[in-house]
Amino acid sequence: MEFIKKGRPATDPANTTGVDMPPKGGNPALTDQDLADIIAFLRTFNPYQP
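Here's what I pulled together on the structure shown here. Positions within a chain are numbered from 1, following the residues in the order the chain's sequence is written. Where totals are concerned, whole chains, interfaces and linings use all residues; where local detail is concerned, this predicted model gives features only for residues with pLDDT of at least 70, and gives and counts side-chain atom pairs only at 80 or more. With hydrogens and water excluded, all non-hydrogen atoms of the structure serve as input to the side-chain values.

### Observations regarding the packing of aromatic side chains
- Put simply, two rings from Phe, Tyr or Trp (the six-membered ring, in Trp's case) pair if the centres are within 6.5 Å, and we call them stacked under 30 degrees between planes, edge-to-face over 60, tilted for the rest. The tally for this structure, following the rule as stated, stands at 1 aromatic pair.
- Ring centres of Phe41 and Phe45 lie 5.1 Å apart, and the angle between their planes is 85°; on these two criteria the pair is classed as edge-to-face.
- Note on classification: 1.4 Å probe, protein chains only; a residue is buried when its accessible area is under 20% of the maximum for its type, exposed when over 50%, partly exposed between these limits. The exposure class of Phe45 is exposed, given its relative accessible area of 59%.

What follows is the structure in structure tokens.
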């Protein structure tokens, strides 16, 4: 969740796409609960994800 809240600039060496990932996907209105719900939903796509 902290990664999503912080984002990653295109200049970050760990960014392999060369595209900015803005904090909260560019939606500052997202709450911690919203982010937790999104993460839980995404994890349903891979049952082997912890």
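Next comes the rest of the description.
### Remarks on the pattern of salt bridges
- What makes a salt bridge here is a side-chain nitrogen of Lys or Arg within 4 Å of a carboxyl oxygen of Asp or Glu, nothing more. Scanning the model with the defined rule gives 3 salt bridges in all.
- The closest approach of N and O atoms between Lys5 and Asp32, which form a salt bridge, is 3.1 Å. A residue pair is termed long-range when its members are at least 10 positions apart, and Lys5 in helix 1 (residues 2-6) and Asp32 in helix 2 (residues 32-43) qualify at 27 residues.
- Accessibility expressed as a relative area gives 27% for Lys5, which makes it partly exposed. A run of H or I in DSSP becomes a helix once it reaches four residues, and a run of E becomes a strand once it reaches two; helices and strands are each numbered from the N terminus.

### Here's the deal with unusual backbone geometry
- At Lys24, a position not held by glycine, the phi torsion is positive, near 55°.
- By the element assignment, Lys24 lies in the loop between helix 1 and helix 2.

### As for a nonpolar patch on the surface
- On the surface, Ile38, Phe41, Leu42 and Phe45 cluster together into a nonpolar patch covering about 440 Å² of accessible area.
- Tracing the backbone through its elements, the reader meets Phe41 in helix 2.
- By relative accessible area, which is 51% here, Phe41 ends up exposed. Patches here are clusters of residues that have more than 30% relative accessible area and form no salt bridge, with a 9 Å joining cutoff for like charges and a 5 Å cutoff for nonpolar side chains (Val, Leu, Ile, Met, Phe, Trp, Tyr). Each accessible area is a Shrake-Rupley estimate made with a 1.4 Å probe; only the visible protein chains count as cover when residues are assessed.

### Here's the deal with the side chain of Asn15
- Here Asn15 lies in the loop between helix 1 and helix 2.
- A residue is classified by how much of its surface remains accessible, and Asn15, at 12% relative accessible area, is buried.
- Pairs of N or O atoms are called polar contacts if they sit within 3.5 Å, as long as, within protein, a hydrogen donor faces a hydrogen acceptor (for residues adjacent in sequence, only side-chain-to-side-chain pairs). A distance of 2.8 Å separates the side chain of Asn15 from the side chain of Thr17, its partner in a polar contact.

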